[in-house]
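The chain contents come next:
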Amino acid sequence: MRARRALLYMPGDDRHKIEKALTLDVDCICMDMEDGVALNHKTEARRIIAAALRELTFGRSEKLARINAVGSGLEMEDIEAVLPSRPDGIVVPKVESLEQIHWASGKIEAAELAHGWPVNSIRLIVDVESAKGMLALKEIASHDRLDALIFGAEDYAVSIGALRTIEAWEVFTARSLVVMNARAFGLQAIDMVTIDFRDLEMVRRAAAFGAQLGFTGKQVIHPAQVGPVQEAFTPDDDSIAKASRLVEAFESHQQGGRGAFALDGKMIDMPLVKAAQGVLARARAAGRI
Ligand code: COA
Ligand code: MG
């Protein structure tokens, strides 16, 4: 699966920001029709996103379009406006049931068949951002068009009546549940937005903590956040060197018939080997090795 370390949103009615995103070397570009767009600009956003998909070169960046929630009354026109321009994926917000994913996947499959594109080639990514969504995570994560679950902290906090704080303990359980369910179904897990976009130290710390929790990427809302976030989800040279050394040592000990062994004063066995292999897989996905 392609790396999705940073997923950058911009309002879909803002062609300037879409064009700006193309200069950033960002993993995912998500043109929004939902909460980043005023109600009286939805039509404009649909038109601008469809044109951008057709006219602009996204390079290595994944091109995604976020529709309004299934049941909002806007979703049909949103998805029908952008599918013919062939985005790489559709992002569905505020998902609370498998039926909502079936609806979106059905619309996508109809477009794939109508245009002669391979079935399942347009991917689905969903925002889980409410108490009900959390309860339905297990069934939501089981859909086979899904590549990733996104955790939306601001909407989730509203849905449970929590007050948002910098420490984010009020969303901690939900954040971890998203990682757990994503991983159980082989999906990527994309962490919450850090809204203080001028404070780069804060986004760096938040991204590092998200990576520590098991997230594979993070949502971003401003160009300045892209670099620090992609870096936080890419193993650095030191971790890559340590992981390679550990895997090599493991292989030679295996050949010598030993499972557990000591390296630099630490006991090494299977879970640590798997962790090191995970580091190398992430480095490979990010083009570092
Ligand atoms: N994507 C692409 N380009 C962006 C961008 C984004 N998300 N946010 C800002 N830029 C561009 C600006 O257009 C500006 O370009 P310029 O230098 O060519 O004029 C440059 O980056 C610097 O922007 P800045 O002046 O620092 O910010 P701003 O005041 O223009 O915008 C926000 C601040 C928060 C309104 C803006 O970052 C934004 O719209 N973010 C996304 C919001 C969104 O999509 N929310 C829904 C999903 S959570
Ligand atoms: Mg949201």
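It should be noted that the structure appears before, not after, this text.
Residues numbered from 1 in each chain as written. Chains lettered and ligands numbered in written order. Predicted model: local features only at pLDDT ≥ 70, side-chain atom pairs only at ≥ 80, totals over all residues. Heavy atoms only, no water.

### A closer look at the coordination of the magnesium ion (ligand 2)
The coordination sphere of the magnesium ion (ligand 2), as far as protein atoms go, consists of Glu129 (OE) and Asp155 (OD), spread over 2.0 to 2.3 Å. On the criterion of sequence distance, the pair formed by glutamate 129 in the loop between β5 (123–128) and α5 (131–135) and aspartate 155 in helix α7 (residues 153–160) is long-range, its members being 26 residues apart. On the accessibility criterion, glutamate 129 (5% relative accessible area) is buried. (Donors = N, O, S within 2.8 Å, 3.2 Å for Na, K, Ca; no water. Helix = DSSP H or I, 4+ residues; strand = E, 2+ residues; numbered from the N terminus. Buried < 20%, exposed > 50% of the residue type's maximum accessible area, 1.4 Å probe, protein only.)

### With respect to the packing of aromatic side chains
On inspection of all chains with the given rule, the structure shows three aromatic pairs. With a centroid separation of 6.5 Å and 25° between ring planes, the pair formed by phenylalanine 172 and phenylalanine 209 is classed as stacked. Of this pair, phenylalanine 172 sits in helix α8 (residues 172–184) while phenylalanine 209 is found in helix α9 (residues 200–213), placing the two residues 37 residues apart along the sequence. On the basis of relative accessibility, which here comes to 28%, the residue phenylalanine 209 falls in the partly exposed class. In textbook terms, an aromatic cluster arises when at least three aromatic residues are bridged by ring pairs, as seen for Trp169, Phe172 and Phe209. (Phe/Tyr/Trp six-rings, centres within 6.5 Å; stacked < 30°, edge-to-face > 60°.)

### Quick notes on the site of ligand 1
Ligand 1 sits among 15 residues. The nearest are Tyr9, His16, Arg198, Ile221 and His222. Tyrosine 9 is positioned with one of its backbone polar atoms (N or O) 2.8 Å from a nitrogen atom of ligand 1. Measuring from an oxygen atom of ligand 1, one finds a side-chain N or O atom of histidine 222 at 2.7 Å. Taken by itself ligand 1 offers 900 Å² of open surface, and the protein chains cover 64% of this. Ranked by residues supplied to the shell around ligand 1, first place goes to strand β1 (residues 6–11) with four residues. (Near = heavy atom within 4 Å. Polar contact = N/O pair within 3.5 Å; in protein donor to acceptor, adjacent residues only side chain to side chain. Areas by Shrake-Rupley, 256 points an atom, 1.4 Å probe, with all protein chains shown as cover.)

### A short note on the side chain of lysine 63
For lysine 63, the position within the fold is in strand β3 (residues 62–66). As a buried residue without a salt bridge, lysine 63 has its nearest oppositely charged side chain in aspartate 88, at a separation of 4.9 Å. Among all residues touching lysine 63, those that are not within four sequence positions of it are Ile29, Met31, Leu53, Phe58, Arg86, Pro87, Asp88 and Gly89. (Lys, Arg positive; Asp, Glu negative; His and termini not counted. Salt bridge = Lys/Arg side-chain N within 4 Å of Asp/Glu carboxyl O. Contact = heavy atoms within 4.5 Å.)

### Section: unusual backbone geometry
Although it is not a glycine, arginine 86 sits at a positive phi angle of roughly 55°. Inspection of the secondary structure assignment puts arginine 86 in the loop between α3 (75–82) and β4 (89–92). Given a relative accessible area of 36%, arginine 86 falls into the partly exposed group.

### Some words on the pattern of salt bridges
It is possible for side chains bearing opposite charge to pair when their charged atoms get close. In the structure shown here, the tally under the stated rule is 28 salt bridges. Here aspartate 27 makes a salt bridge to arginine 5, at a shortest N to O gap of 2.7 Å. Here arginine 5 lies in the segment before β1 and aspartate 27 lies in the loop between α1 (15–21) and β2 (28–32), a separation of 22 residues in the sequence. Each member of the pair, aspartate 27 as well as arginine 5, carries the same accessibility label: buried. A salt bridge links aspartate 237 to arginine 288; its shortest N-O distance comes to 2.4 Å. Separated by 51 residues along the polypeptide, aspartate 237 in helix α11 (residues 237–255) and arginine 288 in the segment after α12 (270–285) bring together distant segments of the chain.

### Some details on the pairing of β4
By the alternation rule, side chains of β4 split into Gly89 and Val91 and Ile90 and Val92, which are all buried. Taken together, β3, α3 and β4 constitute a β-α-β crossover, and its handedness is right-handed. Across four bridges, the pairing between β4 and β5 is parallel. Counted as the bridge partner of isoleucine 90 is leucine 124 from β5. Handedness of the crossover joining β4 and β5 through helix α4 (residues 98–115) is recorded here as right-handed. (Right-handed = clockwise from strand over helix to strand, strands pointing away. Pairing = 2+ DSSP bridges.)

### Some words on the nonpolar core
Ranked by size, the top nonpolar core spans 62 residues in total, and within it Met31, Ile90, Val92, Val126, Leu149 and Phe151 carry the most contacts. Among the elements that line this core, the one with the most residues is helix α2 (residues 42–55), at five residues. Leaving out residues up to four positions away in the same chain, methionine 31 has contacts with Met10, Ile18, Ile49, Ala52, Leu53, Phe58, Lys63, Leu64, Ala65 and Arg66. (Core = buried A, V, L, I, M, F, W, Y, C linked by side-chain atoms within 4.5 Å.)

### Focus: the environment of alanine 232
Residue position: alanine 232 is located in helix α10 (residues 223–232). On the accessibility criterion, alanine 232 (26% relative accessible area) is partly exposed. Along the chain, alanine 232 and lysine 218 lie 14 residues apart, while their C-alpha atoms are 9.6 Å from each other. Not counting the four nearest positions on each side in its chain, alanine 232 is found in contact with Ala207, Ala208 and Ala211.

### So, the sheet that holds β1
Hydrogen bonds along the backbone pair up the strands of a sheet, which may run parallel or antiparallel. Within the closed barrel, the eight strands sit side by side as β1-β2-β3-β4-β5-β6-β7-β8. Their pairing is parallel. Put simply, the sheet's adjacent strands are angled 25° from each other on average, direction ignored. Packing of α2 onto the sheet brings it into contact with β2 and β3, and relative to β2 it is tilted by some 150°. Along the sheet face, α8 touches β6 (146–151) and β7 (188–191) and points at about 170° away from the line of β6. (Axes fitted to C-alpha atoms, helices over the stretch in contact; angles between N-to-C directions.)

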